[in-house]
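Observations on the model geometry
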Amino acid sequence: MATFTSTVRTVGAVTVIDLSGDLDAHTSVQLERTIQDLIQKKHFNLIINFSNLNYISSAGLGVFMAFIDDVRANGGDIKFSNMPEKIYQIFDLLGFPMLYEIYKDEREAIEKFKTSATT
């Protein structure tokens, strides 16, 4: 099992959370704290970059569901990027593409936030 890490960085008006390792019932608490901290600091435009994530459990998926209403109620969104195929298949199976915008790369997700801000 790979160690889970989440790293936060800012790109303009967008906050990117880079995930790596395995996101499961034990490590999802760490991501939950990270997102909660960002919301408390009024960071509502979030991109989750999955490029180095190896595994996600239902607990990991639940973290995103727990915060999406709060983020959107404050005019923001949670967008996903750089999702490996095996991770995307799980999201697709559960219908996440109907609830979240998923981009092939982080740049596309950042551009979408920029165009949303101007319209």
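Just so it is clear, the model here is predicted, and its values are computed rather than measured. Within every chain, residues take consecutive numbers counted from 1 along the sequence as written. Thresholds applied to this predicted model are a pLDDT of at least 70 for local features of residues and 80 or more for the giving and counting of side-chain atom pairs; totals over whole chains, interfaces and linings are not thresholded and use all residues. Calculated side-chain values reflect all of the structure's heavy atoms, with hydrogen atoms and water omitted.

1. A look at the packing of aromatic side chains
The test is simple: By convention, a stacked pair of Phe, Tyr or Trp rings (six-membered ring in the case of Trp) has centres within 6.5 Å and planes under 30 degrees apart, an edge-to-face pair has planes over 60 apart, and any other such pair is tilted. Counting from the N terminus, the helices are DSSP H or I runs at least four residues long and the strands are E runs at least two residues long. Only protein chains enter the calculation, and the probe is 1.4 Å; a residue is then buried if its accessible area is under 20% of its type maximum, exposed if over 50%, and partly exposed in between. Consider the ring centre and the ring normal. A charge sits over the ring if Lys NZ or Arg CZ is within 6 Å of that centre and within 35 degrees of that normal.
This model, assessed by the stated rule, comprises nine aromatic pairs. Measuring from ring centre to ring centre gives 5.5 Å for F50 and F91, while their planes differ by 75 degrees; the resulting arrangement is edge-to-face. Of this pair, F50 sits in strand β3 (residues 45-56) while F91 sits in helix α3 (residues 85-93); the two residues are 41 residues apart in sequence, bridging distant segments of the chain. Of the two residues, F50 and F91, neither departs from the other in class, the shared state being buried. An aromatic cluster of three or more residues is present, and its members are F50, F64, F80, F91, F96 and Y100. Stacked on the ring of Y100, the Lys or Arg R72 has its end atom at 5.6 Å from the ring centre. Residue placement shows K79 over the ring face of F113; its charged tip is 4.6 Å from the ring centre.

2. Focus on a nonpolar patch on the surface
What counts is decided by this rule: Each patch groups residues whose relative accessible area exceeds 30% and which form no salt bridge, using 9 Å between like charges and 5 Å between nonpolar side chains of Val, Leu, Ile, Met, Phe, Trp and Tyr. Note that accessible areas follow from Shrake-Rupley with a 1.4 Å probe, and for residues the cover is restricted to the protein chains shown. Each salt bridge in this description consists of a side-chain nitrogen of Lys or Arg and a carboxyl oxygen of Asp or Glu lying within 4 Å of one another.
Among the surface-exposed residues, M65, M98 and L99 lie close enough to one another that they form a single nonpolar patch of about 340 Å² accessible area. By the secondary structure assignment, M98 is in the loop between α3 and β5 (101-103).

3. Some details on the sheet that holds β5
Backbone-to-backbone hydrogen bonds join strands into a sheet, with any given pair of strands oriented parallel or antiparallel. The cut-off we apply is this: Here a strand pair is declared whenever DSSP counts at least two bridges between the two strands. Geometry is summarised by axes, namely lines fitted to C-alpha atoms with helices restricted to the contacting stretch, and by angles between N-to-C directions that run from 0 to 180 degrees. Contact definition: two residues touch when any of their heavy atoms are within 4.5 Å.
With respect to topology, five strands assemble into an open sheet ordered β1-β2-β3-β4-β5, the strand pairing being mixed. Of all strands in the sheet, those with a lone pairing partner are β1 (5-11) and β5, marking the two edges. Neighbour-to-neighbour, the strand axes of this sheet turn through a mean angle of 25 degrees, independent of strand direction. As paired elements, β3 and strand β4 (residues 77-81) share five bridges and run parallel to each other. Bridge pairing links I48 to F80 in β4. Sheet contacts for helix α1 (residues 28-40): β1, β2 (14-23) and β3; angle to β2, the most-contacted strand, approximately 175 degrees.

4. So, the nonpolar core
Inside soluble globular proteins, nonpolar side chains tend to come together where they are buried. Basically, it comes down to this: The criterion is simple. A nonpolar core is a set of buried Ala, Val, Leu, Ile, Met, Phe, Trp, Tyr and Cys residues joined through side-chain atoms within 4.5 Å.
Counting residues in hydrophobic clusters, the biggest one holds 27 residues, and the most contacted among them are L19, F50, F64, F80 and F91. Elements with a minimum of two residues in this core: β2, α1, β3, α2 (58-73), β4 and α3. With six residues, the single largest contributor to this core is α2. Residues within four places of F80 in sequence aside, it is in contact with I48, F50, F64, F91, F96, Y100, E101, I102 and Y103.

5. What about the pattern of salt bridges?
The tally for this structure, following the rule as stated, stands at eight salt bridges. The partner of D77 in a salt bridge is K79, with the nearest N and O atoms 3.2 Å apart. Residue D77 is classed as buried on the basis of its relative accessible area of 10%. Overall, the relative accessible area of 3% leaves K79 in the buried class. Here the salt bridges do not stand alone but share partners, grouping R72, D77, K79 and E101 into one network.

Read these as geometric descriptors, not functional statements.
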